[in-house]
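Coordinate analysis (summary)
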Amino acid sequence: MTTSRIIFLSSCLPIILALPSRWKATFNFVTGGIQAALQHALDASNGQDVRLGGGVSTIRQYLSAGLIDEMHLGIAPVLLGSGEHLLGGLDVPKLGYRVCEHEPTPDVTHIVIKKTA
């Protein structure tokens with residue numbers, strides 16, 4: 001079975017992609033913005049769920065646009081130093097998101113956020 005991967009690029013920088021031959025995947029590179037990348041992914045999904053993977057900037061763009069239906073966060077008590085803030089400056093409830101699941105464990109706290117509006 002071949003898996004389709006949609007890769008959203010915020011710039012047209014050259015990319016080198018080296019994968020083991022046993023990985024059966026088709027990669028589609030989209031530079032037309034998050035809406036175009038999402039539409040491409042939905043078209044390729046055959047009605048199945050589409051999963052978003054990316055860095056903080058990519059996820060923030062999709063959250064701000066209200067394009068994420070559900071997000072699972074695993075929060076571990078580890079100090080990493082500096083970096084991008086996933087939710088900093090975003091009014092997530094105002095964007096229509098609510099916490100619908102919360103499961104603390106000794107090693108990680110799992111939170112599921114769903115779009116309600």
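None of the values given here were measured: they were computed from a predicted structure.

**A few points about the overall build of the protein chain**
Each helix and strand counted, the protein chain has two helices and five strands in total. Counting from the amino terminus, the protein chain carries its helices and strands in the arrangement β-β-α-α-β-β-β. For the protein chain, with 117 residues in total, the buried portion stands at 21%. A total accessible area of about 8700 Å² is found for the protein chain, and carbon and sulfur atoms account for 54% of it.

**Regarding the sheet that holds strand 4 (residues 97-104)**
Adjacent strands of a sheet form backbone hydrogen bonds with each other and so pair up, either parallel or antiparallel. If you walk across this open sheet you meet the three strands as 3-5-4, and the pairing is antiparallel. Either end of the sheet is taken by a strand with one partner, and the two such strands are strand 3 (70-75) and strand 4. Averaged over all pairs of adjacent strands, the angle between their axes in this sheet comes to 20 degrees, without regard to strand direction.

**Side note on helix 2 (residues 56-64)**
Every buried residue of helix 2 is listed here: T58, I59, Y62 and L63. Each buried residue of helix 2 sits inside an arc of 135 degrees when the element is viewed along its axis, so together they form one side. G66 lies just past helix 2 and shows a positive phi near 70 degrees.

**Thoughts on the pattern of salt bridges**
Within the structure shown, the criterion is met by one salt bridge. Here K114 and E70 are joined by a salt bridge, their closest N and O atoms 3.5 Å apart. Remark: E70 occurs in strand 3 and K114 occurs in strand 5 (residues 109-115); sequence separation between them is 44 residues. Relative accessible area serves as the criterion here: at 32%, K114 is assigned to the partly exposed category.

**Brief notes about the confidence of the model for the protein chain**
Mean pLDDT over the protein chain stands at 80; residues scoring 70 or higher make up 76%. Put simply, strand 1 (residues 3-8) is where the protein chain has its lowest mean pLDDT, 56, and strand 4 is where it has its highest, 95.

**Considerations on the environment of V99**
Mapped onto the secondary structure, V99 falls in strand 4. Along the chain, V99 and M71 lie 28 residues apart, while their C-alpha atoms are 9.5 Å from each other.

**Notes on the nonpolar core**
In this structure, I59, Y62, L63, I68, M71, Y97 and I113 are the most contacted members of the largest nonpolar core, which totals 15 residues. Listed by contribution, the elements that provide at least two residues to this core are helix 1 (34-44), helix 2, strand 3 and strand 5.

**Some details on helix 1**
Taken residue by residue, helix 1 has I34, A37, L38 and A41 as its buried positions. Taken down its axis, helix 1 places every buried residue within 100 degrees of arc, on the same side. Exposed side chains of helix 1 directed beyond 90 degrees from the buried face belong to Q35 and D43. Following helix 1 by one or two positions, N46 has its phi on the positive side, about 55 degrees.

Cut-offs applied
- Residues numbered from 1 in each chain as written.
- Predicted model: local features only at pLDDT ≥ 70, side-chain atom pairs only at ≥ 80, totals over all residues.
- Heavy atoms only, no water.
- Helix = DSSP H or I, 4+ residues; strand = E, 2+ residues; numbered from the N terminus.
- Buried < 20%, exposed > 50% of the residue type's maximum accessible area, 1.4 Å probe, protein only.
- Areas by Shrake-Rupley, 256 points an atom, 1.4 Å probe, with all protein chains shown as cover.
- Pairing = 2+ DSSP bridges.
- Axes fitted to C-alpha atoms, helices over the stretch in contact; angles between N-to-C directions.
- Arc of directions from axis to C-beta.
- Salt bridge = Lys/Arg side-chain N within 4 Å of Asp/Glu carboxyl O.
- pLDDT = per-residue confidence, 0-100.
- Core = buried A, V, L, I, M, F, W, Y, C linked by side-chain atoms within 4.5 Å.

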